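Structural overview
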Amino acid sequence: MNDERTSRPEWADEGNMFATSYVKGSDGVYASKERRWVKRKERSVEEYVAGILNNERTILAQAITLIESNAAKHTEKAQRILHELLPYVGRSIRIGITGVPGAGKSTFIEAFGQFLCDKGHRVAVLAVDPSSSVTGGSILGDKTRMENLARHPRAFIRPSPSGGTLGGVHRKTRETILLCEAAGYDIILVETVGVGQSEVAVRGMVDFFLLLALTGAGDELQGMKKGMMELVDAIVINKADGDNKKKAELAKEEYNQILHYLRHATKGWETKAYTCSSLYGEGIEQIWEVIERFVQTTKQSGVFEERRREQMKDWLHAMIKDYLHIRFFQHPAVQQQLPTIERDVMEGKQPVTMAAQQLIRLYEQT
């Protein structure tokens, strides 16, 4: 009998050697044993494309890692993979989910995802964790927060650190959505960290946007920004069970009264509040029915496709801005003069507008 036990990363091939294994000693205690890394053969674009289309989860995970890489050679290969997969994307329903900390986003996503998988859908969850300010890595570890859904054969969970990007939404989330669609996932759930501008960023990449709220509507409404409520297509008061059930119903009524006077996020669709209990699965089916009705309504009116086209245009503009931003600050003349000009601005020796114009002229003239 082989007493050696190994834990293989999801992205590792069957033939890979990896860093540490555990060997049972004579005293019955497992001790770690270092192993040598063996570099695996690099996959071709064709292998990535074929693997994703066949829904090989390991290859999908590796392709997402490739997309998230900042290395130039990885970026080029990732774009070639995306180009080959374009005929197979765009066939999913993209759902954004946000909410204040403590609203139960992970519990809701797990219950909702399992419900959808049991109905025959294939669900990809792109959960964007807040990044550590020290290491840049994920803090929450979504797979540990959604253990049951992570084990479901029809679900795919990809936790990604936000990397400090605006609103906590990883800059490659859009491309990851396309990869998951090409792999056959027809429901894409994008979880935000629920802070500041993250909602605006996610609104620009999903079809339906859902806000999870808590009971105690008075306090919640006091802290809820009008702009936030105008971004979402539904508000769901979670944890509507036990002693909270009556409070949740009152909260729903108060939200609906406010929503009646606000501008709705989607043309031809009235945003309303609902209740659910993620813990007991109550109200989950109703929320899915609301989303199905939303998709049917917006597709019939043409709003669904119009939003998708606008999102692609906005994505193009955002990519251009990112590219120009990087090129500007990497320009040798700008790098040389920037410290001096920054110091002059901070010491009040030069107006900010004049300093910016000076740097821009340097960039354009050299």
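Before going into details, it helps to say that this report is about the structure given with it. (Residues numbered from 1 in each chain as written. Predicted model: local features only at pLDDT ≥ 70, side-chain atom pairs only at ≥ 80, totals over all residues. Heavy atoms only, no water.)

Re the overall build of the chain
Secondary structure summary: the chain contains 15 helices and 10 strands in total. Looking at the chain as a whole, 44% of its 366 residues are labelled buried. Of the contacts formed within the chain by residues at least 6 apart in sequence, a portion of 70% connects residues at least 24 apart. Taken as a whole, the chain presents about 20,000 Å² of accessible surface, with 52% of it coming from carbon and sulfur. (Helix = DSSP H or I, 4+ residues; strand = E, 2+ residues; numbered from the N terminus. Buried < 20%, exposed > 50% of the residue type's maximum accessible area, 1.4 Å probe, protein only. Contact = heavy atoms within 4.5 Å. Areas by Shrake-Rupley, 256 points an atom, 1.4 Å probe, with all protein chains shown as cover.)

Overview of a nonpolar patch on the surface
Among the surface-exposed residues, L316, I320, Y323 and L324 lie close enough to one another that they form a single nonpolar patch of about 400 Å² accessible area. Looking at the element boundaries, L316 is found in helix 13 (residues 303–330). (Patch = residues over 30% accessible without salt bridge, like charges linked within 9 Å, V, L, I, M, F, W, Y side chains within 5 Å. Salt bridge = Lys/Arg side-chain N within 4 Å of Asp/Glu carboxyl O.)

Focus: the packing of helix 14 (residues 332–346) against helix 15 (residues 352–365)
For the pair helix 14 and helix 15, interaxial distance at closest approach is 10 Å and the crossing angle is 170°. By the angle between their directions, the pair helix 14 and helix 15 is classed as roughly antiparallel. Between helix 14 and helix 15, the contacting residues are A333, V334, Q337, L338, I341 and V345 on the first element and V352, A355, Q358, L359, L362 and Y363 on the second. (Axes fitted to C-alpha atoms, helices over the stretch in contact; angles between N-to-C directions. Parallel < 35°, antiparallel > 145°, perpendicular 65-115°, else oblique.)

Quick word on unusual backbone geometry
A positive phi angle is found at N55, which is not glycine, with a value near 55°. For N55, the position within the fold is in the loop between helix 1 (45–53) and helix 2 (57–68). Among the residues examined, N55 registers a relative accessible area of 22% and is labelled partly exposed. One non-glycine residue, K239, adopts positive backbone phi at about 60°.

Quick notes on the nonpolar core
I52, I81, L179 and I235 are the most contacted members of the largest nonpolar core, which has 48 residues in total. It is helix 2 that provides the largest number of residues to this core, a total of 7 residues. Inspection of this core shows a minimum of three residues originating in each of domain 1 (43–88) and domain 2 (90–301). With near-sequence residues (within four places) excluded, I81 lies in contact with V45, Y48, V49, I52, L66 and L179. In this structure, V125, V236, Y274 and I284 belong to the second largest nonpolar core, which totals 37 residues. (Core = buried A, V, L, I, M, F, W, Y, C linked by side-chain atoms within 4.5 Å. Domains from an automatic or database assignment.)

Structural notes on the pairing of strand 8 (residues 208–213)
By the criterion of burial, strand 8 is predominantly enclosed, with 6 of the 6 residues buried. A two-sided burial pattern is seen for strand 8, the buried positions comprising F208, L210 and L212 on one face and F209, L211 and A213 on the other. When strand 4 (residues 93–99) meets strand 8, the two strands line up parallel, connected through 5 bridges. Bridging across to strand 8, I97 finds its partner in L210. Relative to strand 9 (residues 234–237), strand 8 runs parallel, the two being bridged by 4 bridges. Within strand 9, the residue paired with A213 across the bridge is I237. (Pairing = 2+ DSSP bridges.)

Observations concerning the packing of helix 1 against helix 3 (residues 72–85)
At their nearest, the axes of helix 1 and helix 3 sit 9 Å apart, and the two run at 50° to each other. By the criterion of interaxial angle, the relationship of helix 1 to helix 3 is oblique. Of the two elements, helix 1 crosses helix 3, and the hand of that crossing is right-handed. Two secondary-structure elements touch here, helix 1 through V45, Y48, V49, I52 and L53 and helix 3 through K77, R80, I81, E84 and L85. Each residue belonging to the contact of helix 1 with helix 3 can be placed in one class, and the counts come to 7 nonpolar, no polar and 3 charged. (Left-handed = near helix turned anticlockwise from the far one by under 90°. Nonpolar A, V, L, I, M, F, W, Y, C, P; charged D, E, K, R; others polar.)

On their own, these measurements won't tell you what the molecule is for.
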